[in-house]
Amino acid sequence: MLASLATKLRPVPKNTFHEVWPPKGDENAMVNAWIEAIEKLDILRNFKFYNVSSKLDPHSGISQRADAALYLIGAIPADILILDWDILSFIAEFKVEPNHDPHRFAAPGAPPIDKKKILDRHERAEAEKAQGQIFFYVKAQLARQPDRLFTFAMANFRNHVRFCIIDHTGAIVSEVVWYLKKPCQLVEFIWRYDNLTDEQRGYDPTVTTATQEQSDLLMEAMGQLKAQRTYRELPRMSVKGHENHPSFKVVVLNEATEEKREYVICRSFNENISPFGRLSRVFLALQVDTLFNESGKFVGNRKNLSEQLVLLNDAWRVSENNAESETSVCRELHQLGIPHVPIVKAGGDVRMPETGEVQKTFTQEWARKEGLRWKTQSLELIERTHHRSAQEITYPLNTARNAQELIQVLHDVLECIIQTFDKTGRMHRNVNHETVRISAKEKINGLARGVLSGWDDTRQGVEEHEGNVKLYRSGIWQCMSLAILENPHKPHDIFDDAEGILWILLYTAAHYCKHNGAVDLNMFDEMTKGAKNSDSAPIVIGGSLKRNWIQDKLLLKFSCPALDKLVHELQGFWKDHLLKWEIGGVEYEEEVLSNWKPHLRRLQGFFSEALATRQASAWKDGHFHPDRYPQQTVGGERQDEAEHRENSVLKSIAARKRSRSRAGTTKTKTHTARAGGKSTQPSAQTLASAEAAATNTDSIDWVHTSGNQPETARRGRSAAKGRE
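Before going into details, it helps to say that this report is about the structure given with it. Everything numeric in this text was worked out from a predicted model, so none of it was measured. (Residues numbered from 1 in each chain as written. Predicted model: local features only at pLDDT ≥ 70, side-chain atom pairs only at ≥ 80, totals over all residues. Heavy atoms only, no water.)

### Remarks on the overall build of the protein chain
- Along the protein chain, the regular secondary structure elements total 18 helices and 25 strands.
- With 724 residues in all, the protein chain has 59% of them scored as buried.
- Looking at the protein chain alone, contacts between residues at least 24 apart form 74% of all its contacts between residues at least 6 apart.
- Split by element, the accessible area of the protein chain, about 29400 Å² in all, is 50% carbon and sulfur. (Helix = DSSP H or I, 4+ residues; strand = E, 2+ residues; numbered from the N terminus. Buried < 20%, exposed > 50% of the residue type's maximum accessible area, 1.4 Å probe, protein only. Contact = heavy atoms within 4.5 Å. Areas by Shrake-Rupley, 256 points an atom, 1.4 Å probe, with all protein chains shown as cover.)

### Some details on the nonpolar core
- In this structure, Leu284, Val436, Trp549, Leu563 and Leu603 are the most contacted members of the largest nonpolar core, which totals 96 residues.
- At 13 residues, the largest contribution of residues to this core is made by helix H11 (residues 494–512).
- If you look at the next biggest cluster of nonpolar residues, it comprises 69 residues, including Ile35, Leu41, Tyr137 and Val187. (Core = buried A, V, L, I, M, F, W, Y, C linked by side-chain atoms within 4.5 Å.)

### Focus: the packing of helix H9 (residues 403–424) against helix H15 (residues 596–611)
- At a minimum axis separation of 9 Å, H9 and H15 run at an interaxial angle of 160 degrees. Between H9 and H15, the crossing angle belongs to the class labelled roughly antiparallel. Considering how the two elements wind past one another, H9 and H15 form a crossing that is left-handed. Only Trp596, Lys597, Leu600, Arg601, Leu603, Gln604, Phe607, Ser608, Ala610 and Leu611 of H15 make contact with H9, whose side of the interface consists of Gln404, Ile407, Gln408, Leu410, His411, Leu414, Glu415, Ile418, Phe421 and Asp422.
- Each residue belonging to the contact of H9 with H15 can be placed in one class, and the counts come to 11 nonpolar, five polar and four charged. (Axes fitted to C-alpha atoms, helices over the stretch in contact; angles between N-to-C directions. Parallel < 35°, antiparallel > 145°, perpendicular 65-115°, else oblique. Left-handed = near helix turned anticlockwise from the far one by under 90°. Nonpolar A, V, L, I, M, F, W, Y, C, P; charged D, E, K, R; others polar.)

### What to know about the pattern of salt bridges
- According to the stated counting rule, one finds 35 salt bridges in the structure shown.
- A salt bridge links aspartate 42 to arginine 45, with the shortest nitrogen-to-oxygen separation between them at 2.9 Å.
- A residue is classified by how much of its surface remains accessible, and arginine 45, at 18% relative accessible area, is buried.
- Note that lysine 490 and aspartate 496 form a salt bridge whose closest N and O atoms lie 2.7 Å from each other.
- Judged by relative accessible area, lysine 490 falls into the buried class, the value being 12%. (Salt bridge = Lys/Arg side-chain N within 4 Å of Asp/Glu carboxyl O.)

### Some thoughts on helix H5 (residues 212–227)
- An ideal rise of 1.5 Å per residue puts 22 Å on 16 residues; H5 measures up with 23 Å between its terminal C-alpha atoms.
- Among the residues of H5, those classed as buried are Gln214, Ser215, Leu217, Leu218, Met219, Ala221, Met222, Gln224 and Leu225. (Expected span 1.5 Å × (residues − 1).)

### What to know about the packing of aromatic side chains
- If you walk through the whole model with that rule in mind, you get 26 aromatic pairs.
- Residues phenylalanine 163 and phenylalanine 189 carry aromatic rings whose centres are separated by 3.9 Å and whose planes lie at 10 degrees to one another, so their mutual orientation is stacked. Linking phenylalanine 163 in strand S5 (residues 161–166) with phenylalanine 189 in helix H4 (residues 184–195), this pair joins segments that are 26 residues apart in sequence. Each member of the pair, phenylalanine 163 as well as phenylalanine 189, carries the same accessibility label: buried. (Phe/Tyr/Trp six-rings, centres within 6.5 Å; stacked < 30°, edge-to-face > 60°.)

### What to know about unusual backbone geometry
- The phi angle at arginine 158 is positive, at roughly 70 degrees, despite the residue not being glycine.
- Looking at the secondary structure, you find arginine 158 in the loop between strand S4 (151–157) and S5.
- By relative accessible area, which is 9% here, arginine 158 ends up buried.
- Unusually for a residue other than glycine, histidine 340 sits at a positive phi of about 65 degrees.
- Assignment of secondary structure puts histidine 340 in the loop between helix H7 (326–335) and strand S12 (344–349).
- Accessibility expressed as a relative area gives 10% for histidine 340, which makes it buried.

### Re the sheet that holds strand S8 (residues 248–254)
- With respect to topology, seven strands assemble into an open sheet ordered S7-S8-S9-S10-S11-S13-S12, the strand pairing being antiparallel. Both outer strands of the open sheet, strand S7 (207–209) and S12, are each paired with one neighbouring strand and no more. This sheet shows a mean twist of 35 degrees between the axes of neighbouring strands, independent of strand direction.
- Pairing geometry for S12 and strand S13 (residues 384–391), over five bridges, is antiparallel. Across the sheet, the residue bridging to valine 344 is glutamine 391, located in S13. (Pairing = 2+ DSSP bridges.)

### Regarding the sheet that holds strand S16 (residues 436–444)
- An order of S14-S16-S17 is seen for the three strands of this open sheet, with the pairing classed as antiparallel. Bordering the open sheet on either side are strand S14 (394–396) and strand S17 (447–452), each of which pairs with just one other strand. On average, adjacent strands in this sheet sit at an angle of 45 degrees to one another, irrespective of strand direction.
- Bridge analysis of S16 against S17 gives five bridges, and the strand direction is antiparallel. Bridging across to S17, arginine 437 finds its partner in valine 451.

Dropping the structure here:
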C-alpha cells in the first residue's frame, strides 16, 4: 500500500532540504528554510506551516513558544499570526544540534546500539530539555483542544527528524529519518497527514463546533449564574474571557439510560501540567438538547437558562484492573446514603458514534506487542478510558468565605471518606484541594457543605503492590501523604486519604488566611530523585519537608484562634501517628488498619470541636483574603496588561474560529491528490495512518509517560489562573 500511495506523489528531489542546513546556532533561519522547502513541493492542500517562534498567544497563559505549527489554511490570518493553541493541528520543534535528540540512535555505518539499553535515559541535558519542550507543547495543545483525543508532533534535529503520536498514556516515536539525504519519508508523512480524516488526525467526533446561537446562550446563562446571590467566583468565568475562545458542543452518554445529552462548553477551569494521565478538565456547560426541537428552533426559556448549567468533567480514567468510572461509583454511594458525594445528572464512557466503540488510549497496546526492538522498560504503560460526567455545580475550595466554612467543608469530606470506607471498603485515593468542592445548595448553620469529587481512581481495601499493582501514585503532589511521597511502592491505605485533609487545610489556609508567614511552602512542591527501579529508572520522591513540619516545633501561627488551635491539634495527631508507626513498624500498621475507625473519628472530632465554638472572638480574622502566593504573570507581563495589549487582535481571530469548523469541512476529502492531475477522494482504506508513513513497525522508539509523576507540581494550583 505504501508503494501504491507513493506513486501519487511527484518525485521528491534529493536536494529538497539542502538549504535547511543553517549557520550554526541560527534556529530561526533553519525553520524558515524548512518551511520554504515544504511550500516549494506544493504537497499541502488543506494545511500550511507557519513560523510561530516569536508569536505568543497572551490569552493562553503559556510563555513558551514552539518553533513551527501546522494550521488549517485560512484558520488564522497570516498578517496577525500568533501561536494559537486552540486551533493549531500539530507543532514542529527544531534544534540546530543533532545530539539534542533525546533518543539514542546509530548514525549510518556506525555499530548498532545495544538494544538492551533504555532509550528514555538522556545523556545530555540539552536532549532532556528538548524532550520536555516537545511534551510541554503537546500538553498545551491537548489542554486547549477539548475536541482532541491524540495528536502528532515532529522534531527536527538539523540533519534528521522524528515523528511522534501522543495520547494520554504515552508517545510513540519513530526511528530516525535522515531527511537531508532521503527526503521522501518526511515528504510522504506530511502528505499523508494532509490526506487523513479528522478522526485519523485525533479529533473527537463527539465534539463539534457550537453554533453562534448556542455559544451566545452559554454566555447568557453564565451571566444569569453570576447575578445570583449564592454565586461564588469560578476560575476563568468572565464573559470577556470566554469570547476569545471557541465554543464546542459535546455529547455525553448517560450510561444509566443510554440516552445522549448535548452540552455547550467553552474554556476549562483548570490546566494540567502533563499530556499524560487523567488530564481532567472541568467546564461550565449548558445543556442544549432540551432547548431546541428537532428542526433546530429554540423552545427553551431564556429567563432561567442558568438552571440548565452543570459542571462537565472530562477525564481519562484508568480502565485496567476492573477500575470503575466516577459515574458508577457516585451512583453506588448515593444508593447507600453516603453524604457529600457529587450529584451526577448524566455520565458514562465516551463512545465513537458510528461503531459504539469506547474511546481508549492505544500507546499501551503497542508497548505490549512482541518483537519490537526498542521500547521503554521503566514503566508499564496504563490503559485509559475517556469518561465524561455532568454534575451539579459545585465551587472550588478557595471560594470558601472564611476559615470556619473551610473547616466545615473538610469536616464533611472526612465524613464522606469514613462512611465510604466503612460501608464499601473503598478508598478515594485522590483527596486534594481540587477534588474537595463546596456545595452550591447545601448549608448548615449558615456554612456551605463539602463535596468530595474525583471518584474514578477509587480502590477496594488495602492495595496490593510488588507485581499486583502498577507503580504509579494517584492524586496531586501537594496533598499526597508523607508515606506515599517517600515510598511510591507503599500500598495506599485509609490513613493516606485522611492525611490529605491535613495538607489541604494547611495549603489552603496558608494561601488565603492571615498568618505570621512561618511556613515553608516548598514542602508542597518538594521533589527529589530517590532510589532507582530494577531497570535503573529513577523514582521521584518527596516528603522530607512535610516530615520536618510534623515533627518540629510549630512556629506557624494563624490570626484566627480557632483555625490556629485546629492546626496545632492536627499536627499533634499526625506527629503521634508517625512516631508510633516508626517505632511499632508492621505491628502498629496492622493494628491501626484493623481498628481504623476510632482513630479517624478522633481526627474528625478536632474539626467538630472547632465548629462547635460559637464565640465570635474565636473566629476573629478568619475571613479569606486574596491569595498570598498567586501566579500573576504571562510571559513576563501582568495578565491584565497582556490581555489589554492583544485583545483587539484576538477578537478578530475569535470571529474566524466561531465561523469555521476545524476540518475545513468537505475540502479535506475532495482535494487533488496529484494522481496524474486527477481529482481523487481518499478513503479510510487508502489513507494509511500517518505514523506508518515514516515508521518501520518492526523498530519503534519509545518515550515513557510520567505515570509515576504527580499530576500537578507547582504552587498556587487551586487559585484561579484566568486573566479576569
